[in-house]
Structure formats: C-alpha cells, structure tokens
Amino acid sequence: MSILDAALWFAFGCFALAQLLCLYRVVRAPGFSDRVLALDTMTINMIALITLFGIQRGSGFYFEATMLFAMVGFVSTVAFAKFVLRGDIIE
C-alpha cells in the first residue's frame, strides 16, 4: 500500500463521514432552507467522492461525471434561491 492509497482511503472515510452528518442534517434540520443547504453540501461531498474514486481508478470518465453532477447541483441551488426570493421558479 502506497502513501497515495492511504491518503485516498483516509479521504474516502472523511467524506463518507461528512455525507452521513449531512444526511442527519437533512432529516433533523429545523427549517427548509437548512435542509436545502445540507443537500447542497451533500452534492459537494459526492463530487469529492466521485473525484477520489476517479483518481483511485485512474480513469478520466469520473471527472466528466463530476462536472455533470456539479452543474446539476448548481442549477438546483440557483432554482431554490430564486424560489425563496420570488416565490416561483418559472416566470
């Protein structure tokens, strides 16, 4: 096991723990905006996990998948912000 493998497994563990804590926050958050923020953080953590998996496998396919995941996460966050400000998403 090389140093890179050990660092990858440590990072996998850290981001998996962060995912679990965000999932807890989604379930137990006091307000709707707190839940959306936790879901956005889960999106960021998923992007990190997929990127780490791509590094471990040595494949560029996973990096393209993370870009798509990031775009969907960004659009959903912007849609929620627009909903909070105006009350509707589509004008």
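None of these values were measured; they are calculated from a predicted model.

K.L.:
Explain the UniProt feature "transmembrane region" (unreviewed entry) in the protein residue by residue, including any values.
P.N.:
In the numbering used here, UniProt assigns the "transmembrane region" (unreviewed entry) feature to residues 6-24, 36-55 and 61-85. Counted over residues 6-24, helix gives 100% and strand 0%. Its end C-alpha atoms are 27 Å apart. For residues 61-85, helix accounts for 100% and strand for 0%, while the C-alpha atoms at its two ends are 37 Å apart.

K.L.:
I'd love a proper account of the packing of aromatic side chains, names of residues and values included.
P.N.:
Tallying each qualifying case throughout the model produces four aromatic pairs. An aromatic cluster of at least three residues, connected via ring pairs, comprises Phe 53, Phe 61 and Tyr 62.

K.L.:
Could you give an account of helix α2 (residues 32-57), with specific residues and numbers?
P.N.:
Counted at 1.5 Å a residue, the expected span for α2 with its 26 residues is 38 Å, and the 37 Å between its end C-alpha atoms agrees. Those residues of α2 not exposed but buried are Val 36, Ala 38, Met 42, Thr 43, Asn 45, Ala 48, Leu 49, Ile 50, Leu 52 and Gly 54. Those residues of α2 hidden inside the fold are in contact with α1 (3-28) and α3 (61-86). Phi for Gly 58, located one or two positions after α2, is positive at around 75°.

Rules of the game
- Residues numbered from 1 in each chain as written.
- Predicted model: local features only at pLDDT ≥ 70, side-chain atom pairs only at ≥ 80, totals over all residues.
- Heavy atoms only, no water.
- UniProt positions renumbered as here; feature names shortened; annotations may be inferred.
- Helix = DSSP H or I, 4+ residues; strand = E, 2+ residues; numbered from the N terminus.
- Phe/Tyr/Trp six-rings, centres within 6.5 Å; stacked < 30°, edge-to-face > 60°.
- Expected span 1.5 Å × (residues − 1).
- Buried < 20%, exposed > 50% of the residue type's maximum accessible area, 1.4 Å probe, protein only.
- Contact = heavy atoms within 4.5 Å.

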